[in-house]
Amino acid sequence: MFATRSLAAKGMRMYSSSTSLNAKVAVLGAAGGIGQPLSMLCRLSPVFTSVSCYDVVNTPGVAADLSHIPSPGSVTGFTPTEGFGSDANVKCYPAGAGAGLADALKGCDVVIIPAGVPRKPGMTRDDLFNTNASIVRTLMEGVAEHCPGALTCIISNPVNSTVPIAKDVLVNAGVLPADVPVIGGHAGITILPLFSQVPGLTLTDAEREELTVRVQFGGDEVVKAKDGAGSATLSMAYAGFVFAENAVKAMKGEKVVQAAYVDSDVTDAEFFASPCTFGPGGVEEVHGFGEMTEYEQGWFDKMMPDLKAQIAKGHAFMEEK
Ligand SMILES: NC(=O)c1ccc[n+]([C@@H]2O[C@H](COP(=O)([O-])OP(=O)(O)OC[C@H]3O[C@@H](n4cnc5c(N)ncnc54)[C@H](O)[C@@H]3O)[C@@H](O)[C@H]2O)c1
Ligand SMILES: O=C(O)C[C@H](O)C(=O)O
């Protein structure tokens, strides 16, 4: 640390602080062939002000070595049972404490995973599966628990299988944000969530039925729970606020896609809710809703007569005057 400070004072820092984005990165497998140079590049980069080097072995040495590079920010080495380096928050763990992964990951914006064995001549990447699959699963469980919002990059082979493993860990932990397109209208069965369009989501028939009906009758759930004291207010206020905030972002030129119940050519109902692109002038494009499963098509077919009747009722009211 002394070397770092004295060189910086002489103007030998590699980057000015104005280029820093204050991001924190963890390299998991940081003592390996890829992990070491990768940790060094992160240490040198102005975008990372904190580098966590985690590995099952040798990271105290890697971190100490990297800390002698005159670059701003902190670098900290972690093993499952040790923390060692320049981060002020680092702890030294009693042997066997096993808290190293958690501390390496806490607060990370980016996680890069080159942990695991590489191939030798004659091996396919898939030959690494038995060893590396469980390494990636364990490390991703740490990510799901300690920095679920981090942008995570998987290098460990076989990538074709380890990336799906990583995704499943996040899905199973319930931390992967999933957007469910909801189309149609706003009453009972005219509300149709398309769970088949949520990437990576698999539901049993019973789960799909339960969730679909729950979304369709979500408003009723609140009315019942409030027992006569009103309908949804807090969740509706939240939804209205998000909608208004997005509309203003669109007015200022940001591209915003959000669902809205609008004049529509997407189906033969005059009004229909589906994703819409908003721009400075409001709704600029009404999008379709892609493929539906047979199950969803069944609900869609039931919905349309109700929706059209409710639209006609509004028009009829206006014609009466
Ligand atoms: N995606 C790609 O294009 C690409 C390219 C090259 C290598 N790879 C893969 O990257 C991986 C690493 O390659 P390498 O050459 O750096 O290997 P390496 O053996 O030099 O380094 C791997 C590191 O992972 C560590 N490790 C093992 N188990 C761990 C665990 N449970 N937690 C944390 N760290 C653990 C090891 O201690 C070691 O330091 C291999 O699977 C390799 O096939 C991928
Ligand atoms: O060849 C390997 O095993 C490593 C990596 O997947 C590569 O393509 O270089």
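Here the structure is a predicted model, which means the values were calculated and not measured.

### Some details on the overall build of the protein chain
In terms of regular secondary structure, the protein chain is built from ten helices and eleven strands. Per-residue burial for the protein chain yields a buried fraction of 35% across its 321 residues. Counted over contacts in the protein chain with a minimum sequence separation of 6, partners at least 24 positions apart contribute 58%.

### Looking at the nonpolar core
In terms of nonpolar packing, the biggest core is built from 24 residues, with Leu28, Leu105, Val111, Ile113 and Met140 touching the most fellow members. Taken together, the elements giving at least two residues each to this core come down to strand S1 (23-28), helix H4 (100-105), strand S5 (110-113), helix H5 (129-146) and helix H6 (159-172). Considering each element in turn, this core owes the most residues, six residues, to H5.

### Notes on the site of ligand 2
Close to ligand 2 lie Arg119, Arg125 and Asn157. For ligand 2, an oxygen atom lies 2.6 Å from a polar atom in the side chain of Arg119. Side-chain polar atom of Asn157 to an oxygen atom of ligand 2: 2.9 Å apart, as the coordinates give it. Protein contacts shield 46% of the accessible area of ligand 2, which totals 270 Å² for the unbound molecule.

### Examining the confidence of the model for the protein chain
Predicted coordinates in regions of low pLDDT should not be interpreted in detail. Considering every residue of the protein chain, the mean pLDDT works out to 88; 89% of them sit at 70 or more. The element-level mean pLDDT for the protein chain is lowest in helix H1 (residues 2-9), coming to 26, with strand S8 (residues 191-193) highest at 97. In the predicted structure, residues 1-18 sits below a pLDDT of 50 and forms 19 contacts with residues beyond four places in sequence or in another chain. Note on the complex model: pTM 0.69, ipTM 0.98.

### A short note on the packing of aromatic side chains
One pass over the structure, following the stated rule, counts six aromatic pairs. Here the aromatic rings of Phe289 and Phe300 are separated by 5.9 Å at their centres, their planes lie at 45 degrees, and the arrangement is tilted. With Phe289 in the loop between strand S11 (282-286) and helix H10 (294-320) and Phe300 in helix H10, this pair connects stretches of sequence that are eleven residues apart. The same class applies to Phe289 as to Phe300, namely buried.

### Quick look at the state of the cysteines
Within this structure, the stated rule accounts for zero disulfides. Here Cys108 is not disulfide-linked; the sulfur of Cys147 is the nearest cysteine sulfur, at 5.3 Å. Of the cysteine sulfurs around Cys153, a residue in no disulfide, the closest is that of Cys42, at 9.9 Å. When its relative accessible area of 35% is taken as the criterion, Cys153 is described as partly exposed.

### Thoughts on the pattern of salt bridges
If the charged atoms of two oppositely charged side chains come close together, the side chains can form a pair. Using the criterion set out here, one finds four salt bridges in the structure. A salt bridge links Glu221 to Arg214, with the shortest nitrogen-to-oxygen separation between them at 2.8 Å.

### Here we look at the site of ligand 1
Near ligand 1 you find 22 residues, and of these Gly33, Ile34, Asp55, Val117 and Asn157 are the closest. The backbone of Gly32 places a nitrogen or oxygen atom 3.2 Å from an oxygen atom of ligand 1. If you tally residues by element for the shell around ligand 1, the top one is H5, at three residues. Residue composition of the shell around ligand 1, by class: 14 nonpolar, seven polar and one charged.

### What to know about the environment of Pro80
Residue placement: Pro80 occurs in the loop between strand S3 (74-79) and strand S4 (82-85). Assessed through its relative accessible area of 25%, Pro80 is described here as partly exposed. Separated by 25 residues in the primary sequence, Pro80 and Asp55 have C-alpha atoms spaced 7.5 Å apart.

### Structural notes on the pairing of strand S10 (residues 271-279)
Among the nine residues of S10, seven are classified as buried, and the element is accordingly described as predominantly covered. Sheet topology note: the strand S9 (residues 256-263)/S10 ladder contains eight bridges and is antiparallel. Within S10, the residue paired with Gln258 across the bridge is Cys276. Pairing between S10 and S11: four bridges, direction antiparallel. Across the sheet, residue Phe278 finds its bridge partner in S11, namely Val283. Turn length for the S10-S11 hairpin, with the two strands adjacent in sequence and antiparallel, is two residues.

### Some remarks on the side chain of Thr190
Within the secondary structure, Thr190 sits in the loop between strand S7 (182-184) and S8. Looking at Thr190, the relative accessible area reads 1%, which means it is buried. Not counting the four nearest positions on each side in its chain, Thr190 is found in contact with Ile183, Gly184, Gly185, Met303, Asp306, Leu307 and Gln310.

### A few points about the packing of H5 against H6
H6 packs onto H5 with a crossing angle of 30 degrees between their chain directions and a minimal axis gap of 9 Å. Crossing of H5 over H6 shows right-handed handedness. Of the residues in H6, those in contact with Phe129, Ala133, Val136, Arg137, Met140, Glu141 and Ala144 of H5 are Ser161, Thr162, Ile165, Ala166, Val169 and Leu170.

Calculation criteria
- Residues numbered from 1 in each chain as written.
- Chains lettered and ligands numbered in written order.
- Predicted model: local features only at pLDDT ≥ 70, side-chain atom pairs only at ≥ 80, totals over all residues.
- Heavy atoms only, no water.
- Helix = DSSP H or I, 4+ residues; strand = E, 2+ residues; numbered from the N terminus.
- Buried < 20%, exposed > 50% of the residue type's maximum accessible area, 1.4 Å probe, protein only.
- Contact = heavy atoms within 4.5 Å.
- Core = buried A, V, L, I, M, F, W, Y, C linked by side-chain atoms within 4.5 Å.
- Near = heavy atom within 4 Å.
- Polar contact = N/O pair within 3.5 Å; in protein donor to acceptor, adjacent residues only side chain to side chain.
- Areas by Shrake-Rupley, 256 points an atom, 1.4 Å probe, with all protein chains shown as cover.
- pLDDT = per-residue confidence, 0-100.
- Phe/Tyr/Trp six-rings, centres within 6.5 Å; stacked < 30°, edge-to-face > 60°.
- Disulfide = S-S within 2.5 Å.
- Salt bridge = Lys/Arg side-chain N within 4 Å of Asp/Glu carboxyl O.
- Nonpolar A, V, L, I, M, F, W, Y, C, P; charged D, E, K, R; others polar.
- Pairing = 2+ DSSP bridges.
- Axes fitted to C-alpha atoms, helices over the stretch in contact; angles between N-to-C directions.
- Left-handed = near helix turned anticlockwise from the far one by under 90°.

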